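Examination of the molecular architecture
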Protein chains: 2
Amino acid sequence: MAAWSERLAGVRGVLLDISGVLYDSGAGGGTPIAGSVEAVARLKRSQLKVQFCTNESQKSRGELVAVLRRLGFDISEGEVTAPAPATCQILKERGLRPYLLIHDGVRSEFDHVDMSNPNCVVIADAGEGFSYQNMNKAFQLLMDLENPVLISLGKGRYYKETSGLMLDVGPYMKALEYACGVEAEVVGKPSPEFFNSALQAMGVEAHQAQ
Amino acid sequence: MAAWSERLAGVRGVLLDISGVLYDSGAGGGTPIAGSVEAVARLKRSQLKVQFCTNESQKSRGELVAVLRRLGFDISEGEVTAPAPATCQILKERGLRPYLLIHDGVRSEFDHVDMSNPNCVVIADAGEGFSYQNMNKAFQLLMDLENPVLISLGKGRYYKETSGLMLDVGPYMKALEYACGVEAEVVGKPSPEFFNSALQAMGVEAHQAQ
């Protein structure tokens, strides 16, 4: 294995995941993973730029940052690349007005988005919000559109909570894709555009990042 | 176009769909499609055997037949091939004990099925029963099984009600397939086994049926 100094030659920035890397979410705000608070602090004292890149879409960036700061992490909203703000940017650029099938915890990210007379559907990990009624509304709306646009914040199959495995947004994305005969646009990892927006946020090229 | 007499040469039995062919379901029990009551009556007066082959899975066969008889159709339970009874047969043959994610209207078909300690999941058009909680339970159960078995009663994308288009079982089948990395076994049309069971019920070979 190459020495760290060799592996890091030319590296100017580091992308860090959050859930399952910095901390485990759960009751009471979650717990930091051993060594991660100090690791982030050391990175920030170094010459390297740091950006946090997450698929978290049950919380707004503000809420996520507040949770992490309470756990001792040195982190600010501008350092977080998350699917909801990236989606808002896309909606604005393309004149899209969404029907939102999302978790209430992330709704504030869409406060300034025009949602009148929807011409697209945005789905995220909505948890209990994935009722038959809400899914059917999203479906009917897509079927009514001449050019149906379905945007999915991530496409994860499931995630782990203390109470067990939980269905993520991916299965519901697949359900709507099959029902409507459309292909969703995924905003979030592993989409290259999403990683690029995180790199842009810290002003670093792909070959300079780790 | 060949004359009817020519087209029917060698035909000994006829398979008839029900929903959208004999009647349109809806409030108040639905309405017969023009000419269909008399057409069924004529078929039954002929030398031809008749079997009704449906993917209906929100009602038991008994309830479906009662609805059709009230509308004037000459039909009995034994003449109906439907996914729920066919599924019960499969469960019995393979020693499967299902977790049922189905509509309450069809639950009575499974009255004599052992559901203790489930070792498979059966989904049907559950309507409002497709809550996040129920879907997550089906998902967790499949993930816990060494050999996960998912049986889906049909795989329709949607159907039409007077209130608009409604999501059918297919999208939810796709959701569980993606979440668990399994492939569902479909019981109902268009499965060849299902058509065969309808042919067997009237004692007619495939080449003798219309």
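As a reminder, the structure under discussion sits directly above these lines.
The shown structure was predicted, so the numbers you read here are calculated from the model rather than taken from an experiment. (Residues numbered from 1 in each chain as written. Chains lettered and ligands numbered in written order. Predicted model: local features only at pLDDT ≥ 70, side-chain atom pairs only at ≥ 80, totals over all residues. Heavy atoms only, no water.)

**Brief notes about the overall build of chain A**
Using the following cut-off: Each helix is a run of DSSP H or I of at least 4 residues and each strand a run of E of at least 2, with the numbering of both proceeding from the N terminus. With the radius of gyration taken over C-alpha atoms, the globule rule is written as 2.2 Å times the number of residues to the power 0.38. Residue burial is assigned from relative accessible area. The probe radius is 1.4 Å, only protein chains are included, and a residue is buried under 20% of its type maximum, exposed over 50%, and partly exposed in between. Should any heavy atoms of two residues lie within 4.5 Å, those residues are counted as being in contact. Accessible areas in this description were obtained via Shrake-Rupley with a 1.4 Å probe; residue shielding takes into account the shown protein chains only. By the counting rule applied here, Lys and Arg register as positive and Asp and Glu as negative, while His and the ends of each chain are not counted. Note that the charge is assigned to NZ on lysines, CZ on arginines, CG on aspartates and CD on glutamates.
The secondary structure content of chain A amounts to 7 helices and 11 strands. Since a compact globule built from 210 residues should have a radius of gyration of about 17 Å, the 18 Å found for chain A is in line with a globular shape. Buried residues in chain A amount to 48% of all 210 residues. Long-range contacts, defined here as pairs at least 24 residues apart, represent 65% of the contacts in chain A between residues at least 6 apart. Total accessible area on chain A stands at roughly 10,400 Å², and carbon and sulfur atoms take up 49% of it. Mean positive and mean negative side-chain charge positions of chain A (20 and 25 charges, respectively) differ by 5 Å.

**A short note on the interface of chain A and chain B**
Heads up, the rule is: For any pair of parts, buried area is found by adding up, for both, the accessible area (1.4 Å probe) each one loses once the two are put together. By salt bridge we mean one thing: a side-chain nitrogen of Lys or Arg within 4 Å of a carboxyl oxygen of Asp or Glu. For this analysis, a polar contact is any N or O atom pair within 3.5 Å, provided that within protein one partner can donate a hydrogen and the other can accept it, and provided that sequence-adjacent residues contribute only side-chain to side-chain pairs. Polar here means any residue other than Ala, Val, Leu, Ile, Met, Phe, Trp, Tyr, Cys and Pro, which are nonpolar, and Asp, Glu, Lys and Arg, which are charged; Gly is therefore polar.
Counting from both sides, the interface comprises 29 residues of chain A and, opposite them, 29 residues of chain B. Contact between chain A and chain B buries roughly 2,600 Å² in total, counting both sides, with carbon and sulfur atoms accounting for 65%. When the buried surface of chain A facing chain B is broken down by residue, Y132, L167 and Y178 of chain A rank first, second and third, together holding 33% of it. Joining chain A to chain B, the criterion identifies 0 salt bridges. Linking chain A with chain B are 14 residue pairs in polar contact (both at pLDDT 80 or more). Mapped onto the side of chain A that touches chain B, the elements with two or more residues apiece are helix 5 (132-144), strand 9 (158-161), strand 10 (164-167) and helix 6 (169-180) of chain A. If you tally residues by element for the side of chain A that touches chain B, the top one is helix 6 of chain A, at 8 residues. Partitioned by chemical class, the residues of the side of chain A that touches chain B number 16 nonpolar, 9 polar and 4 charged.

**Digging into the pairing of strand 10 of chain A**
Residue and element names in this part refer to chain A. Convention followed: Whether two strands pair comes down to DSSP finding at least two bridges between them.
As judged from the 4 bridges shared by strand 9 and strand 10, these two strands associate in the antiparallel manner. Residue pairing across strands places Y159 opposite M166, the latter belonging to strand 10. Count of turn residues in the strand 9/strand 10 antiparallel hairpin: 2 residues.

**Brief notes about the relation of the copies chain A and chain B**
Stated formally: All copies are superposed by least squares; the fitting set is the C-alpha atoms of residues with a pLDDT of at least 70 in both.
Once chain A has been moved 0.0 Å along the axis and rotated by 180°, it coincides with chain B to within an RMSD of 0.0 Å. What the superposition gives is, in effect, a two-fold axis relating one chain to the other. Here 100% of the interface residues in chain A have copies in chain B that are interface residues too; the copies meet face to matching face.

**Looking at the sheet that holds strand 1 (residues 13-16) of chain B**
Residue and element names in this part refer to chain B. Judged by pairing direction, the sheet is parallel, and its 3 strands sit side by side in the order 1-4-5 without closing on themselves. Looking along the sheet, the strands with just one partner apiece sit at the ends: strand 1 and strand 5 (80-81). Strand direction decides the pairing type here: strand 4 (residues 49-53) and strand 5, joined by 2 bridges, are parallel. Across the sheet, the residue bridging to F52 is V80, located in strand 5.

**Notes on the side chain of S36 of chain B**
Residue and element names in this part refer to chain B. In this structure, S36 sits in helix 2 (residues 36-45). Overall, the relative accessible area of 7% leaves S36 in the buried class. A polar atom in the side chain of S36 sits 2.6 Å from the backbone oxygen of I33. Beyond its immediate stretch of four places on either side in the chain, S36 contacts V21, L22 and F73.

**What about the packing of helix 5 of chain A against helix 6 of chain A?**
Residues and elements named next belong to chain A. Stated precisely, the cut-off is as follows: Here an angle of 0 to 180 degrees is reported between the N-to-C directions of two axes, which are lines fitted to C-alpha atoms, with helices fitted over the stretch in contact. Roughly parallel covers angles under 35 degrees, roughly antiparallel covers those over 145, roughly perpendicular covers 65 to 115, and oblique covers all other angles. The sense of a crossing depends on the near helix, which, turned anticlockwise from the far helix by less than a right angle, makes the crossing left-handed and, turned clockwise, makes it right-handed.
Contact geometry for helix 5 and helix 6: axes closest at 10 Å, N-to-C directions at 40°. Looking at the two axes, helix 5 sits oblique to helix 6. In the packing of helix 5 onto helix 6, the handedness of the crossing is right-handed. For the pair formed by helix 5 and helix 6, the contact residues are M135, A138, F139, L142 and M143 on the first element and Y172, A175, L176, A179 and C180 on the second. Looking at side-chain class alone, the contact of helix 5 with helix 6 contains 10 nonpolar, no polar and no charged residues.

**Notes on the side chain of S152 of chain B**
Residues and elements named next belong to chain B. Note on placement: S152 falls in strand 8 (residues 150-153). By relative accessible area, S152 is classed as buried at 0%. Setting aside anything within four residues of it in sequence, one finds S152 in contact with I123, V169, M173, A184, E185, V186 and V187.

**Section: helix 3 (residues 61-70) of chain A**
Residues and elements named next belong to chain A. Quick reminder of the rule: As used here, the arc is the angular range of directions from the helix axis to the C-beta atoms.
When helix 3 is considered as a whole, its buried residues turn out to be L64, V65, V67 and L68. The arc that holds the buried residues of helix 3, viewed along the axis, is 160°, so those residues lie on one side. Tucked into the core, helix 3 has its buried residues touching strand 2 (23-24) and strand 5 (80-81). Immediately beyond the C-terminal end of helix 3, within one or two residues, lies G72, with a positive phi of roughly 105°.

**Side note on the packing of aromatic side chains**
Applicable threshold: The criterion for an aromatic pair is that two Phe, Tyr or Trp rings (for Trp, the six-membered ring) have centres within 6.5 Å, with stacked assigned to planes under 30 degrees apart, edge-to-face to planes over 60 apart and tilted to the rest.
Per the counting criterion, the structure on display carries 8 aromatic pairs over all chains. Centroid distance Y132 of chain A to Y172 of chain B: 6.3 Å. Interplanar angle 35°. Geometry classified as tilted. In this pair, Y132 of chain A sits in helix 5 while Y172 of chain B sits in helix 6 (residues 169-180), so the two residues belong to two different chains. Both residues of the pair, Y132 of chain A and Y172 of chain B, belong to the buried class. Plain terms: the ring middles of Y158 of chain A and F139 of chain B are 5.5 Å apart, the flat faces sit at 45° to each other, and that makes the pair tilted. Of this pair, Y158 of chain A sits in strand 9 while F139 of chain B sits in helix 5 (residues 132-144), placing the two residues on different chains. Residue F139 of chain B is classed as buried on the basis of its relative accessible area of 0%.

These values are about where atoms sit, not about what they do.
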